[in-house]
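Each chain, letter by letter, is given below.
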Amino acid sequence: MHKIYIKKTGLIFFVALMVSSCGKFGRGELVGVKEKKFFETKPHGMLLIPGGTFYMGSSDEDVFSANSEVKKLTLNSFWMDETEISNSEYRQFVEWVKDSIVRNELAKLALAVGNISSSKELPDSGNELGDEILKYLPKYSSKDFETNSDNLTPYEQYLDEKSQRDFIALYFSTQDKPDTLFHHSLPLNRDVEVIYSREEYPTKEYVRLFEEVIYLPEDDGKKKNPSVDPEILKYRFENNLFTGSVGSKGNANVPKYEVVNIYPDTTVWLNDFKYSYNEPMHSLYFSHPAYSNYPVIGINWHQARAFANWRSTIKNKSLTPKAKRKFVELPSVFRLPTEAEWEYAARGGLESATYPWGGPYLFDERGSFLANFKPSRGDYATDGAIYTVEVNSYPPNDYGLYNMSGNVSEWTYTDKEFKTDNALLPYNSPNRTSKKVIRGGSWKDVAYYLRVSSRDYEYTDSARSYLGFRLVRDYLGTNEL
């Protein structure tokens, strides 16, 4: 009886193993890997541009010969900003960079007063400056701010310890190269409020940091809301420009990182119109709430790319941790549109259209202009605006996109000289020149530049009072949401 019992037990185990194996591997059939379901989420402020094929270029005679070649191109679906990037949206970027730099400087100050250079250990509280400075140490770097390990999973405990080890190694590796320690190099502690009020500064070292590094120098030092020095507002991001051909390693001279001063050039109102009274625009256009919903201007090509990188970064940091996700989330990569993507979106699905609304007229049946440009031989006010207007002004095209013609011209990713014989996804612009295509025309342009096929260009380091941008993001899957 004993032997029979053992055999039955073994048989039961063998059968259970077979059932389990067949269930996991599909009974020997090719069933694919069991995966979490993927959902494409709609980015805030963006619209889906359905993929398709279109003829890029002018279908009419182009007297300027700017777009003499007509090409048949096919594009995948992509997301595009409904409007041009506004002052308010770009100010969010500026404020984030300012906050990051301030916290970075406070963290370095905390490390300096903690005498980390001699002890090679993170300072504890009880220092002569107390917690007023030490509380700005990067998160996970001070024992005073450690998370209760009992509430962490083993993987989270590992990340907590690794963060501290990596931070110490990073700090010592950059001590002889202070310029290499940028704001995002430190795991910043954003849980502690930064004190900006002069009446509430906690220590003398804190005062010195703000007055000598952060703020613009002032004569009397009594201004309640001092201005941050725009020269310190620099953003570092990884360089994704590719200058080689397919199969090559690209240009070895391209730096791994770019450092961009991200504050808009507000002097463009004076430089572009030297004999006009544009001082109020210079002083108020970017900073005053009255212009919050107006398109940001004074942005060069590199600043637009820096904004795209920052937008991708903050969006991806907000994603639910992988271990807690119920479905697969797509990391966001925002970027400038290619010239082909821009023209395809501007057409709004209309074939051979002259303008985003069709055309060939510049006003509707009631006589109202359909865009902000320079009509009637330079009568700027005829269309209802002298300068720029709010980003959601005038009727949108059939894709729901506003101001694809007029208001401000828009940066694209494409080189001015870029040519392609590829009818599919013409994206890999080699980035070998400093001249980039701009599209759409602006408030200061004549009607010709409002055409969806009209091309113009600017140098990448140019900032203009009539030049802004909007972003796109790739779409994965079908067009069904």
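*Asks:* Could you clarify how one ought to interpret empty space enclosed by the protein in this entry?
*Replies:* Take a probe with the size of a water molecule and roll it over the atoms, and the empty space left behind shows itself. Scanning the entire structure with this criterion turns up two cavities of 30 Å³ or more. Of the voids in this model, the largest cavity is the one considered here, and its volume is about 60 Å³. Taken together, ten residues make up the lining of the largest cavity; nearest its centre are Ser58, Ser59, Ala353, Thr354 and Ser453. When the residues that make up the lining of the largest cavity are grouped by side-chain class, the tally is one nonpolar, six polar and three charged. Of the pockets and cavities examined, the second largest cavity occupies roughly 30 Å³.

*Asks:* Honestly, the sheet that holds strand E11 (residues 467-468) in this entry has me stumped. Any pointers?
*Replies:* Whenever strands of a sheet pair, they do so through backbone hydrogen bonds, lying parallel or antiparallel. Strand order in the open sheet formed by four strands is E10-E9-E8-E11, with mixed pairing between adjacent strands. Sheet topology places strand E10 (456-459) and E11 at the edges, where each strand pairs with a single neighbour. Here two bridges tie strand E8 (residues 409-415) to E11, and the two strands are oriented parallel to one another. Paired with Glu410 across the two strands is Gly468, which belongs to E11.

*Asks:* Looking at this model, I keep getting lost on the nonpolar core. Mind explaining?
*Replies:* The nonpolar side chains of soluble globular proteins are, as a tendency, buried together. Membership of the largest hydrophobic core comes to 47 residues, with the highest contact counts inside it found for Tyr90, Phe93, Phe210, Tyr235, Ile262 and Phe469. When residues of this core are traced back to their parent elements, those giving at least two are strand E1 (46-49), helix H2 (87-113), helix H6 (204-214), strand E5 (234-238), helix H9 (301-317) and E8. If you look at the next biggest cluster of nonpolar residues, it comprises 18 residues, including Leu47, Phe54, Met56 and Val472.

*Asks:* In this structure, what is going on with the packing of aromatic side chains? I would like to understand it.
*Replies:* Two numbers describe a pair of aromatic rings. These are the distance of the centres and the angle of the planes. By the definition in use, this model includes 35 aromatic pairs. For the pair Trp269 and Tyr285, a centre-to-centre distance of 5.2 Å together with 65° between the ring planes defines the contact as edge-to-face. Taken as a pair, Trp269 in helix H7 (residues 268-271) and Tyr285 in the loop between helix H8 (279-284) and H9 lie far apart in primary sequence, 16 residues in all. Taking relative accessible area as the criterion, Trp269 reaches 1% and is therefore assigned buried.

*Asks:* Looking at this model, I keep getting lost on the sheet that holds E1. Mind explaining?
*Replies:* Here four strands make up an open sheet; going across it, the order is E1-E4-E12-E7 and the pairing antiparallel. Of all strands in the sheet, those with a lone pairing partner are E1 and strand E7 (334-335), marking the two edges. Where strand E4 (residues 78-81) and strand E12 (residues 472-474) come together, three bridges link them in antiparallel fashion. Each bridged residue has a counterpart across the sheet, and for Trp79 the counterpart in E12 is Arg473. Most of the contacts of helix H10 (residues 339-347) go to E4, to which it runs at about 75°, and overall it touches E1, E4, E7 and E12.

*Asks:* What is the right way to read the confidence of the model for the protein chain from this model?
*Replies:* Do not read the predicted coordinates in detail wherever pLDDT is low. Summing up the model confidence of the protein chain, the mean pLDDT is 78 and the portion of residues at 70 or higher is 68%. Averaged pLDDT values for the elements of the protein chain fall to 44 in helix H3 (residues 116-119) and rise to 98 in E11. This stretch, residues 140-147, has a pLDDT under 50; its non-local contacts, to residues over four places away or in other chains, come to 15 contacts. When the criterion is pLDDT under 50, residues 243-248 qualifies, and its contacts beyond four places in sequence or with other chains add up to twelve contacts.

*Asks:* Sorry if this is basic, but what is going on with H6 here?
*Replies:* Among all positions of H6, only Tyr206, Leu209, Phe210 and Ile214 are buried. Considered in projection along H6, the buried side chains sweep an arc of 90° and stay on one side of the axis. What points out from H6, more than 90 degrees from its buried face, is the exposed set Lys204 and Glu212.

*Asks:* Is there a simple way to think about the environment of Glu417 in this case?
*Replies:* Mapped onto the secondary structure, Glu417 falls in the loop between E8 and strand E9 (435-439). Since its relative accessible area comes to 36%, Glu417 is described here as partly exposed. Every residue in contact with Glu417, bar those within four places of it in the chain, is listed here: Thr433 and Lys435.

*Asks:* Looking at this structure, I do not really get the pairing of E4. What am I missing?
*Replies:* Remember that side chains alternate between the two faces of the sheet whenever the strand is regular. Side-chain alternation along E4 places Phe78 and Met80 on one buried face and Trp79 and Asp81 on a second face that is also buried. The sheet contact formed by E1 and E4 spans four bridges and is antiparallel. Opposite Leu47, over in E4, you have Met80 as the bridge partner.

*Asks:* Would you mind going over the pattern of salt bridges with me for this structure?
*Replies:* Side-chain pairing between opposite charges can occur once the charged atoms of the two side chains come close. On inspection of all chains with the given rule, the structure shows 18 salt bridges. The partner of Lys444 in a salt bridge is Asp445, with the nearest N and O atoms 3.9 Å apart. Given the relative accessible area of 13%, Asp445 is considered buried. Two residues, Glu458 and Arg464, come together in a salt bridge whose shortest N-O distance is 3.5 Å. Using a relative accessible area of 27% as the deciding quantity, one classes Arg464 as partly exposed. Taken together, the salt bridges that share partners define one network made up of Glu339, Glu343, Arg347, Arg439 and Arg455.

Thresholds applied
- Residues numbered from 1 in each chain as written.
- Predicted model: local features only at pLDDT ≥ 70, side-chain atom pairs only at ≥ 80, totals over all residues.
- Heavy atoms only, no water.
- 1 Å grid on protein atoms, 1.4 Å probe; cavity = no way out; pocket = protein on both sides within 12 Å on 5 of 7 lines; lining within 4 Å.
- Points joined across faces, edges and corners; volume = space filled by probe spheres on them.
- Nonpolar A, V, L, I, M, F, W, Y, C, P; charged D, E, K, R; others polar.
- Pairing = 2+ DSSP bridges.
- Helix = DSSP H or I, 4+ residues; strand = E, 2+ residues; numbered from the N terminus.
- Core = buried A, V, L, I, M, F, W, Y, C linked by side-chain atoms within 4.5 Å.
- Buried < 20%, exposed > 50% of the residue type's maximum accessible area, 1.4 Å probe, protein only.
- Phe/Tyr/Trp six-rings, centres within 6.5 Å; stacked < 30°, edge-to-face > 60°.
- Contact = heavy atoms within 4.5 Å.
- Axes fitted to C-alpha atoms, helices over the stretch in contact; angles between N-to-C directions.
- pLDDT = per-residue confidence, 0-100.
- Arc of directions from axis to C-beta.
- Salt bridge = Lys/Arg side-chain N within 4 Å of Asp/Glu carboxyl O.

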